[in-house]
Structures are given as C-alpha cells and as structure tokens.
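# Overview (structure and organization)
The primary structure of each chain is shown beneath.
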Amino acid sequence: MLPVDLPGTVRDALLAPLVDHHCHGVRRDDLSRGQFELLMGAGAAPAPPGTTHFDTPVGTAVRRWCAPVLDLDPHAPPAVYLARRDELGATEVNRRLLGAAAVVAFLVDTAADDIDMLTATEMGRHGGAAADELVRVERVEQDVAVTAQIAVDYLDGLGEELTLRAARAVGLKTVIAALYGLDFDPARPARGAVIAAANRRLDDPKGAVTDPVLLRHLLWCAIDVARERGLPVQFHTGFGGQSPAEPHRADPARLGAFVQQVQPLGVPVVLLHSYPFHRQAAHLAGALPHVYADVGLAFPHTAAGARVMDELLELAPYHKLLFSSGCHGLAESGYLGALRYRRALAAALGSRLADGEWSPADAARVAHMIGSANARRVYRL
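Residues numbered from 1 in each chain as written. Predicted model: local features only at pLDDT ≥ 70, side-chain atom pairs only at ≥ 80, totals over all residues. Heavy atoms only, no water.

## Some remarks on the nonpolar core
Ranked by internal contacts, the top residues of the largest apolar core, which has 121 residues, are Y81, Y154, F235 and F258. Ranked by the residues each element gives to this core, the list is headed by helix 16 (residues 331-354), at twelve residues. In this view, Y154 contacts E141, V144, A145, A148, A198, R201, L202 and L214; residues no more than four positions away in its chain are not counted. Of all hydrophobic cores here, the second largest spans twelve residues; its members include V19, Y292, V378 and Y379. (Core = buried A, V, L, I, M, F, W, Y, C linked by side-chain atoms within 4.5 Å. Buried < 20%, exposed > 50% of the residue type's maximum accessible area, 1.4 Å probe, protein only. Helix = DSSP H or I, 4+ residues; strand = E, 2+ residues; numbered from the N terminus. Contact = heavy atoms within 4.5 Å.)

## Here we look at the side chain of D109
One can find D109 in strand 2 (residues 103-109). Classification of D109 as buried rests on a relative accessible area of 3%. Engagement of the side chain of D109 in a polar contact is seen with the side chain of R136, the distance being 2.9 Å. Here K173 takes part through its side chain, which lies 2.9 Å from a polar atom of the side chain of D109. Not counting residues up to four positions away in its chain, the partners in contact with D109 are H22, C23, H24, G25, L134, R136 and K173. (Polar contact = N/O pair within 3.5 Å; in protein donor to acceptor, adjacent residues only side chain to side chain.)

## Things to note about the packing of aromatic side chains
When we look at a pair of aromatic rings, we describe it by the centre distance and by the angle of the planes. In this structure the tally under the stated criterion is eight aromatic pairs. Ring plane angle 55° and centroid distance 6.2 Å describe the contact between F36 and Y81, whose orientation is recorded as tilted. Within this pair, whereas F36 is found in helix 2 (residues 33-40), its partner Y81 is found in helix 4 (residues 78-88), the two being separated by 45 residues in sequence. With relative accessibility at 1%, the residue F36 sits in the buried group. Through a chain of ring-to-ring contacts, three or more aromatic side chains come together here, namely F184, W220, F235 and F258. (Phe/Tyr/Trp six-rings, centres within 6.5 Å; stacked < 30°, edge-to-face > 60°.)

## Some words on the pairing of strand 4 (residues 169-174)
Of all six residues in strand 4, six are buried, a share of seventy percent or more. In terms of strand pairing, strand 4 meets strand 5 (residues 233-236) through three bridges, oriented parallel. Looking at strand 5, one finds that T174 is bridged to F235. (Pairing = 2+ DSSP bridges.)

## So, unusual backbone geometry
For the bond from Y275 to P276, the omega torsion is 5°, close enough to zero to count as cis. Considering the arrangement of structural elements, one finds P276 in the loop between strand 6 (269-272) and helix 13 (278-287).

## Concerning helix 16
End to end, helix 16 covers 35 Å across 24 residues, agreeing with the expected 34 Å (1.5 Å per residue, within 8%). By the criterion of burial, helix 16 is predominantly enclosed, with 20 of the 24 residues buried. Where helix 16 ends, the next residue or the one after it, G356, has phi of about 75°, a positive value. (Expected span 1.5 Å × (residues − 1).)

## Quick look at the pattern of salt bridges
Taken as a whole, this structure holds 27 salt bridges when the rule is applied. Between R33 and E37 there is a salt bridge whose closest N-O contact spans 2.9 Å. Placement of both R33 and E37 in helix 2 is noted, with a separation of four residues, approximately one turn of the helix. Here E332 ties to R85 by a salt bridge, and the two come within 2.8 Å at their closest N and O atoms. Of this pair, E332 sits in helix 16 while R85 sits in helix 4; the two residues are 247 residues apart in sequence, bridging distant segments of the chain. No difference in accessibility class separates E332 from R85, as the two residues are buried. (Salt bridge = Lys/Arg side-chain N within 4 Å of Asp/Glu carboxyl O.)

As far as function goes, none of this settles anything; it's purely spatial.
And the structure:
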C-alpha cells in the first residue's frame, strides 16, 4: 500500500490507526449510478452529456484502490464496480471501506438532516471506531431562525442553542467561506446592526443565512462558546468550501485579521481542506500559536497528494498538521482519504530519509503526530 520502502518503525507509524478529525456521514442506502456519480463529483453536479465523473482523479482512484476492497481487480470498469457494489449492498460496502481506512476515531459533522446518511454513532460502528460530533454553527442558526418570533428571541436562542449542542461535541465548525467568503469584517458587529439584520432574517428564516452581519455575529457567538468549553473551531477553507464562481474568497489568508483577534482568547482555529491555498494555511499555522491546518479533500479528490504533503512539510510546524478525509456521502471517500494520505506522507518522509535530512525516529514521530496525536490534543480526545 505504501509507495516506498521505509524502516519498520516509520512504516508502523504510518499504518497506525488514524483520527479522522473531520468527516461527514455516508449514505446507508443502495445507490443508482447517477446518485453515485453525483456524490463522487466535487461540484455535486452531473457530468456533461456523454461524459462521466469516473473520468476524474477521484474516479480513477475509486477504480484503482477501492475495487480490491470489494474483491475486484484494480482498475475494474465503472459498470463492474457499481454492479459489485449493488451485489454486496450498502451496509457491507460501508463496513468494508470504512473499516479498511483503519481509523480509530471519526469526528463527524452532523449538519445534514438526511435519514439516508449514517449518524456519527453509525459511522463509528461501521468503521470499528469511536465517533464524536462536530456542531455546524450555521445549522444551529437555521434551527433557531425558524422558531424565533422576534429578534431578541433569535439573539438569545443562538447563544443558548450553541451552548446546549456544544456540550456533547468535540468541536464547532463554520462554512462561512461558502455562504459569504473569508474576507468578512473581523470585528464583532454592533448589537443594533445585529438586531436589524435579525429582523430581516426572521422575514425569511428557512433559507441558509447569508447576511454578513448575522454570519459575523454567529461566528463570534461560536468563539465565545468554544472558549467557555475549551473547544476548537473549524473553518472550511479552500477546495470544496467556496462559492464556485469565487474560489479566491475561500483562501485562508483572508482570515488573518480575524484569527489574530481570536488569539488572545485561546480558541484553537483549524483550517480545513485548504488546498489549493495550503501554503497560506501552512504560513498561518506557523505564524500563530492557535492555528492548525489540514488538506483533507486534496487526497481523495485530486492527484496532488504527494506534492501537497511536501509543500506542507516545507513550512508548517509538524505539531500543527492534522489528518482528515473530508468523507461525505460515499464510504469510498473515507477510505481514499486515509489511503492516499498515508501514501503521500510515506513519499514525503521517504525522500527526506533518503537524503539524510531526517532520522527514522524523526519520521516516525511526525507520522504519529499528524495521524492521530495532534488531533487527540486539539480535540481533547
């Protein structure tokens, strides 16, 4: 599975169980080809007529790496792969792929209100691992908005509901990059501005919140709750967390002023999936003591894994890097995230060992930190 020959201690560290510090549930039901391809495509849109999402980096990776887990030859044709998936059934497919990821703990974003998705507990059961919850703060806001009658109820309800849900979670998460962008005003908004924005929100409470004043207020509420409970706050940045037409607004460098304001509060800030802005994320992780980074979605969804890992290790402190798969919808994404992360880190460590830059003890220690130890410390697992 690993692409290079490594000393036994390094190999053992790479193959040790991982903490997947950010993932989602996967589908519990059998899927048609159209449903499978929608979940496989990063843009969540059908492939153009006459084409297929199997002709993508993730599509070829599924056929190469996931096929053997389902007892097929590598590079099985898409039709053969999907037929085998149907034959085994969703429960067995999920059990095999999540188990093969060799994850010891899943931290699961449970924002999706979809009975066809596995819950955090079920993710753990299928993968033979522990599981804990990450609270998506925008989901909390939406739940409060649809029940609040007046702006004061809305403001009070946000703080109360965030506090309640954080009590059973290991972290909070925001998708403000997709809803507005990371180039928001970093200051806490004035109460008068928040009340005015809340009144507008209550006129149409069912959609996603996009008002920048309310998003900033929600974010600062989340920071306050995280500080009280000793929790980190995750920011979805980069790949998969942006407006499709404005990917530059998901660049984590745009968070610089905000994370500097958060620093005195002692709340860890985790920059998720920062590719292709991973150098900026690595810089922030190195420059600020409370900032951490990962490039989770780059591993299952792109062919850039080894290069990205090399570039992260050029700059980021090793104790600031975390593993995540970003798994969503398909158990294949969880398995590929873990497999290709291990292969990418193995290649990066192998080149450093071959050049004499690192000792085997150094390489094993770094593999252990990134794979599980850093997450255990940040999330207090």
